[in-house]
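# Chain and residue survey
The lines below spell out each chain.
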Amino acid sequence: MDQKTPSQTGREIELLSFKVNDQEYSLNIMSVREIRGWSKATPLPHSPPYMQGVINLRGSVLPIVDLSIRFGLAEREVSPRDVIIVVNVDDQTVGLLVDAVVDILSINTDAIDPPPEMGDNTTRFVDGLIIQNDRMIRLLSLKAAVPAKETNAA
Amino acid sequence: MTDQLDPLAEIKASFFIECDELLEALQDGLETMDSPERSAETINVVFRAVHSIKGGAGAFGLNDLVNFAHCYESVLDNVRSGLLEPNTEIMRTFFQAGDILQDLVRLSRDELPIEPSLTAATLTDLEALLSDEVEETVEFAPLVLSFDLDEDFGLDDAAPKPAQHSFTFQASAELYASGNEPAKLFRALTELGTVTCTPDLTKLPNLSELANAECFIPWHISVDTDRTFEDVLEVFDFVDGLCTIEQIAPQTDALLPPIDLPDVANIAEPIAPAPGHIEEATDVKPAEQLSTEPDSKKVAAPKATVRVDVDRIDRLVNLVGELVINQSMLSQSIVSAQAANSTEVETGLEEFMRLTRDIQDSVMMIRAQPVKSLFQRMSRIVRESSAAVKKSVKLITEGDDTEVDKTVIERLADPLTHMIRNAVDHGLEAAETRVANGKAEQGVVRLRAAHRSGRVVIEVSDDGRGINRDRVKQIAIDKGLIPENVLLSDTEIDNLLFMPGFSTAAEVSNLSGRGVGMDVVRSAIQSLGGRITITSVPGQGTTFSISLPLTLAVLDGMVIDVAGQSVVMPLAAISETMMLGPDELKPLGANSMLVQVRERFLPLIDLAEKLGFSPKRTDFKNCIALLIANDDGQEAAIVIDAIQDQRQVVIKGLQDAYGNIPGVAAATILGDGKIALILDPGDIVVRGIDHTDTAQPQSA
Amino acid sequence: MSLSILAVDDSKTMRDMIALTLNAAGMTTTLAEDGVHGVETLEAMEPPDAIISDINMPRLDGFGFIEAVRAREAFKGTPILVLTTESGADLKARARSAGASGWIVKPFDPEKLVRALKMVAG
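Residues numbered from 1 in each chain as written. Chains lettered and ligands numbered in written order. Predicted model: local features only at pLDDT ≥ 70, side-chain atom pairs only at ≥ 80, totals over all residues. Heavy atoms only, no water.

With that settled, consider the overall build of chain B. Counting its regular elements, chain B contains 21 helices and 22 strands. Each of the 700 residues in chain B was classed as buried or not, and the buried ones make up 46%. Put simply, 70% of the contacts in chain B that link residues at least 6 apart link residues at least 24 apart. Here chain B has roughly 35000 Å² of accessible surface; of this, 51% comes from carbon and sulfur atoms. (Helix = DSSP H or I, 4+ residues; strand = E, 2+ residues; numbered from the N terminus. Buried < 20%, exposed > 50% of the residue type's maximum accessible area, 1.4 Å probe, protein only. Contact = heavy atoms within 4.5 Å. Areas by Shrake-Rupley, 256 points an atom, 1.4 Å probe, with all protein chains shown as cover.)

Dropping the structure here:
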């Protein structure tokens, strides 16, 4: 890893970090609309395996993306303790199904390292890497994680 | 300053809305001008539309729009004053100018750049129509408004040069008749500086000669100001010609001794105008001019309307949708709590449901708009595409005032454009071919809208060559969309056009008579909860028939169980429900099953399998099936697990949230708060029918 | 001492602009959307201090409207300004023949409009 001399050129941003299958990811908090507990989704016919289905978000239809399946990580049981992070991506509102929310971090954009080859299938979903003490926190690329609407049609 | 920007921004937004209305009136007017129904008033309507657009545009500094409108208006003015008689060529230019004007308005509204190439050609055409002696191409230099309303409405800065200007002023009788008054003029002078007014009372006649109508008193006026004499004269601009003003050379001081300088304010009595002007006050002239303009399609006294922000209506629609869901949830809770046994509660619930339905219907009708604006857009598409392929095509519309939900109109624009372009490009033959076949040279495209049994039906038809079924079938086989030796009815062949992947190749357009992308059109219609069907007669033409729900809001549906999921099937599609007994099940080849219903055999569709919820069933005995019929008469028996109940559901679109799903029209929220999918039976039937087997049905 | 003005124009944008301008200058504005409506409104209201009218309007145009106004005893002397896009020599002739007291060129300069109204309405 490159050594970075701390500088003041970066911005301060706030990240929400969460766990997917023992890996820790994070999102710019500005994209996060809300965090909900899990509720059973209505499955959609002929949808890709990572589409859990849709749930009712105060009268609107919210599609749920199971990130662990999306990332191609090991299969796991959906648990009622799972958390749904509702995010805005372009003009879409989508719910991301994750294991748990971990933390809110304030970091400087300078502290974000470029992503290396992750060694698993997650590389394309990662925009950057943050090392904090022993933790390796992947900065999630929302654009890669949330499939565009057109590709959803079977 | 920000406070002032807001009202101006609002007026600007409102101006663009007004432009839409004016453009519509312009279209109407042009079409009437082009028809036998035109009258003298028609050109006035057209003129005023362009004139008003120009006026508003000028105020906002939309120069490209102003310049174009000004040129257009000038030509129209010539027509209005009888100097120009519109022929076919000129009308074509007018229609084109109308289209360009529409584009300019849109670009101005969206603050997009306007290329000169957009207007160049049409401007040349318009200018050619302006003969030089009539209208000096007046330099129309509009004043752009800068709303610095805080500014003191007093003097602007002028080169200070204090001077005293003296002059005599004599009003004529006409001055009063025009509604002006010397007193007011003198008062206006005081804004320039110190004013001294002295009446020359020597000119006063004897009382006996005093005639009300004339003003005998000349005035001597001097103004101490740093403005020029021209500035002083400017005050008398309006009454130029209605009075006599003589400047007195500055040094001359020869005036009458001030007799008694009355206060300017008291001096001028409103003197009655010359007797000739007095008319019967009760004689209301306007009444005669009020006769309904013959060409105007509108009623003389327009209905009282209110302009409402679309956002507010959408919010209201959503709230009412929530209300309906809430009502159904409440009803369900009451029933589960077994509190519905009381007749009072039951009656109350029914009444509640009725009321909510009524509110919802009323609210949805607020959003309803006549399809006319949509049809007018199609006029333009016909003009443009027929010009591009050099065919003569006429668009005939029917049912322009049929009302449809606003969202539906917006989302119909693309599919309709597609179909109309196809009809003009491919459906209609070239002029020579038509004539050779005994048809009129001009092709006709017809757009019809009507309400029919609770839905809106829109038809797009042409009198062209129709669908070449042999070639269509062959192409489908070549593309592997259907197997080689399958028997298909005419309707089934026509519907092949809707299959995804059918018409991607360019050569299809000539062969099938239809061009690219009918599958896209169908998806779009279906996402509105609608259906589309084709009928075609070779050599005579093709008709597309679109059936749409009146409102996008509610649906009467049957809630059913499919593989553990609750799903809604629109009630209108269900003709029967039945339990499948062994006698009714007839295998067809290895993979399909038919259901015998009286004398008919319907294909059997395993809904759970088709939706991808579970693998195909092996045993259909004693299963429940819904008999579904398509608009084009295709039928199927759809196997489900169980029927829950029948109820009215609020439709939630999936488009924005997710996109298109085959077999699914929309979603709804059930009484328990869960989302349930609303199925698209037409799509399920079409996709569900397997054409792999052609063997005759065997008895089980 | 707020002046009451009646403004008649078939363009909503124009009406809004006029109202915005005049109200900001401390005047009271009443609006009508064509000549017929203008006459009706005039009869229903307290006599205004001045009237502004467009020329090109449906149902009853500016000329007809002003004629109708002047035909009424109470309004023979009411100052009327026409809103016109003419300029130069045609302008005065047009306004004069309409029976107007003065004119305002469209699109109007808010200052000039207010000043003109204050002048003719006193």
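Following the structure, the description resumes.
The number of helices and strands found in chain C is 5 helices and 5 strands. From first element to last, N terminus to C terminus, chain C shows the α and β order β-α-β-α-β-α-β-α-β-α. Taking all 122 residues of chain C together, 62% fall into the buried category. Across chain C, contacts joining residues at least 24 apart in sequence account for 61% of those joining residues at least 6 apart. Total accessible area on chain C stands at roughly 3900 Å², and carbon and sulfur atoms take up 51% of it.

Put simply, an interface is often sized by how much accessible area is lost when its parts join up. Between chain B and chain A, the residue contacts involve 24 residues of the former and 22 residues of the latter. Both faces combined, the contact of chain B with chain A buries some 1900 Å², and carbon together with sulfur accounts for 63% of it. Connecting chain B to chain A are 0 salt bridges. At the boundary of chain B and chain A, one finds 2 residue pairs in polar contact (both at pLDDT 80 or more). Of all elements in the fold, only β21 (664-669) and β22 (675-679) of chain B reach the threshold of two or more residues within the side of chain B that touches chain A. Classifying every residue of the side of chain B that touches chain A gives 13 nonpolar, 6 polar and 5 charged. (Buried area = accessible area lost by both parts, 1.4 Å probe. Salt bridge = Lys/Arg side-chain N within 4 Å of Asp/Glu carboxyl O. Polar contact = N/O pair within 3.5 Å; in protein donor to acceptor, adjacent residues only side chain to side chain. Nonpolar A, V, L, I, M, F, W, Y, C, P; charged D, E, K, R; others polar.)

Residues and elements named next belong to chain B. With respect to the secondary-structure elements, S379 resides in helix α13 (residues 372-388). Using a relative accessible area of 13% as the deciding quantity, one classes S379 as buried. In this structure S379 touches Q27, E31 and L395, once residues within four positions along its chain are discounted.

So, about the confidence of the model for chain C. Within chain C, residue pLDDT values average 86, and 92% of them lie at 70 or more. Scored as a complex, the prediction yields pTM 0.55 and ipTM 0.85. (pLDDT = per-residue confidence, 0-100.)

Residues and elements named next belong to chain B. For helix α2 (residues 40-59), which comprises 20 residues, the first-to-last C-alpha distance of 30 Å matches the rise-based estimate of 28 Å (1.5 Å per residue) to within 8%. Judged by how many residues are buried, α2 sits mostly within the fold: 17 of 20 residues are covered. In the stretch just after α2, G61 is the one whose phi turns positive, near 70°. (Expected span 1.5 Å × (residues − 1).)

Let us look at helix α2 (residues 35-44) of chain C. Listed as buried for α2(C) are G35(C), V36(C), G38(C), V39(C), T41(C) and L42(C). The opening residue of α2(C) is D34(C), an N-cap whose side-chain oxygen sits 3.0 Å from the backbone nitrogen of V36(C).

Quick look at the sheet that holds strand β12 (residues 554-562) of chain B now. Residues and elements named next belong to chain B. As summarised here, the arrangement of the 5 strands in space is β20-β12-β13-β22-β21, forming an open sheet in which the pairing is mixed. Of all strands in the sheet, those with a lone pairing partner are β20 (642-650) and β21, marking the two edges. In this sheet, adjacent strand axes meet at a mean angle of 35° when their direction is disregarded. (Pairing = 2+ DSSP bridges. Axes fitted to C-alpha atoms, helices over the stretch in contact; angles between N-to-C directions.)

What follows deals with the packing of α2(C) against helix α3 (residues 62-70) of chain C. Residues and elements named next belong to chain C. Viewed as axis vectors pointing N to C, α2 and α3 meet at an angle of 25°, and their least axial separation amounts to 9 Å. As judged from the angle between their axes, α2 and α3 are roughly parallel. Crossing angle aside, the handedness with which α2 passes α3 is right-handed. Contacts from G35, G38, V39 and L42 of α2 reach α3 at F65, A68 and V69. Taken together, the residues that form the contact of α2 with α3 break down as 5 nonpolar, 2 polar and no charged. (Parallel < 35°, antiparallel > 145°, perpendicular 65-115°, else oblique. Left-handed = near helix turned anticlockwise from the far one by under 90°.)

Once that is clear, we can look at the pattern of salt bridges. Considering all chains together, one arrives at 37 salt bridges over all chains under this definition. Between R354(B) and E351(B) there is a salt bridge, and its shortest N-O distance comes to 3.1 Å. Here E351(B) and R354(B) lie together in helix α12 (residues 343-366), a separation of 3 residues that amounts to about one turn. R115(C) is the partner of E111(C) in a salt bridge, and the nearest nitrogen-oxygen pair spans 3.1 Å. Of this pair, E111(C) and R115(C) both sit in helix α5 (residues 110-121), 4 residues apart, which is roughly one turn of that helix. Three or more residues are tied together by salt bridges with common partners; here these are D99(B), D103(B), R106(B), R380(B), R383(B) and E384(B).

Here the focus is the sheet that holds strand β18 (residues 624-629) of chain B. Residue and element names in this part refer to chain B. With mixed pairing, 6 strands are arranged side by side in an open sheet as β14-β18-β19-β17-β16-β15. Whereas interior strands pair on both sides, the edge strands pair on one side only; in this sheet they are β14 (574-579) and β15 (585-588). Along the sheet, successive strands turn relative to each other by an average axial angle of 35°, direction set aside. Examined bridge by bridge, strand β16 (residues 592-597) and strand β17 (residues 600-606) share 4 bridges and lie antiparallel to one another. For V597, the partnering residue across the bridge sits in β17 and is R600.

Attention now moves to the side chain of S166(B). By secondary structure assignment, the location of S166(B) is in strand β1 (residues 163-171). Using a relative accessible area of 7% as the deciding quantity, one classes S166(B) as buried.

Residue and element names in this part refer to chain B. A cluster of acidic residues, D6, E10, D309 and D311, forms a negative patch at the surface. Assignment of secondary structure puts E10 in helix α1 (residues 2-33). Overall, the relative accessible area of 61% leaves E10 in the exposed class. (Patch = residues over 30% accessible without salt bridge, like charges linked within 9 Å, V, L, I, M, F, W, Y side chains within 5 Å. Lys, Arg positive; Asp, Glu negative; His and termini not counted. Charge placed at Lys NZ, Arg CZ, Asp CG, Glu CD.)

Another aspect to go through is the pairing of strand β1 (residues 12-20) of chain A. All names here are of chain A. Note: β1 against strand β8 (residues 100-108), 8 bridges, orientation antiparallel. For E12, the partnering residue across the bridge sits in β8 and is N108. Relative to strand β2 (residues 23-28), β1 is paired through 6 bridges, and the arrangement is antiparallel. Across the sheet, V20 pairs through a bridge with Q23, a residue of β2. Counted between consecutive antiparallel strands, the loop separating β1 from β2 contains 2 residues, among which N21 sits at a positive phi close to 55°.

In this structure, H46(A) is a non-glycine residue whose phi angle is positive, near 55°. Turning to its location among the elements, H46(A) is positioned in the loop between β3 (32-37) and β4 (51-57). The exposure class of H46(A) is partly exposed, given its relative accessible area of 38%. With a phi close to 65°, R59(C) is a non-glycine residue in the positive phi region. Mapped onto the fold, R59(C) is located in the loop between β3 (50-54) and α3. R59(C) sits in the partly exposed class, given a relative accessible area of 25%.

With that out of the way, let us pick up the confidence of the model for chain B. Residue and element names in this part refer to chain B. Here chain B averages 77 in pLDDT, and 79% of its residues register 70 or above. Least confident of the elements in chain B is helix α10 (residues 286-289), whose mean pLDDT is 35; most confident is helix α4 (residues 88-109), at 92. pLDDT under 50 marks residues 252-302. Its contacts with residues more than four places away, or in other chains, come to 61 contacts. Every residue in residues 690-700 is under pLDDT 50, and counting partners more than four places away or in other chains gives 25 contacts.

Before going further, it helps to examine the pairing of β2(A). Residue and element names in this part refer to chain A. For β2, the tally of buried residues reaches 5 of 6 residues, placing the bulk of the element in the interior. Direction of pairing for β2 relative to strand β10 (residues 135-140): parallel, over a ladder of 3 bridges. From the neighbouring strand, E24 faces β10, where its bridge partner is I137.

So, about the packing of aromatic side chains. What the rule picks out here adds up to 13 aromatic pairs over all chains. Ring geometry for F498(B) and F544(B): centres 6.3 Å apart, planes at 70°, overall edge-to-face. With F498(B) in the loop between α17 (490-495) and α18 (508-512) and F544(B) in strand β11 (residues 541-549), this residue pair connects regions lying 46 residues apart in the sequence. When sorted by exposure, F498(B) lands in the same class as F544(B), which is buried. Within the aromatic cluster, the residues linked to one another by ring pairs are F167(B), F169(B), F186(B), W219(B), F229(B) and F236(B). Lying across the ring of Y50(A), R70(A) places its NZ or CZ 4.5 Å from the centre. (Phe/Tyr/Trp six-rings, centres within 6.5 Å; stacked < 30°, edge-to-face > 60°. Lys NZ or Arg CZ within 6 Å of the ring centre and 35° of its normal.)

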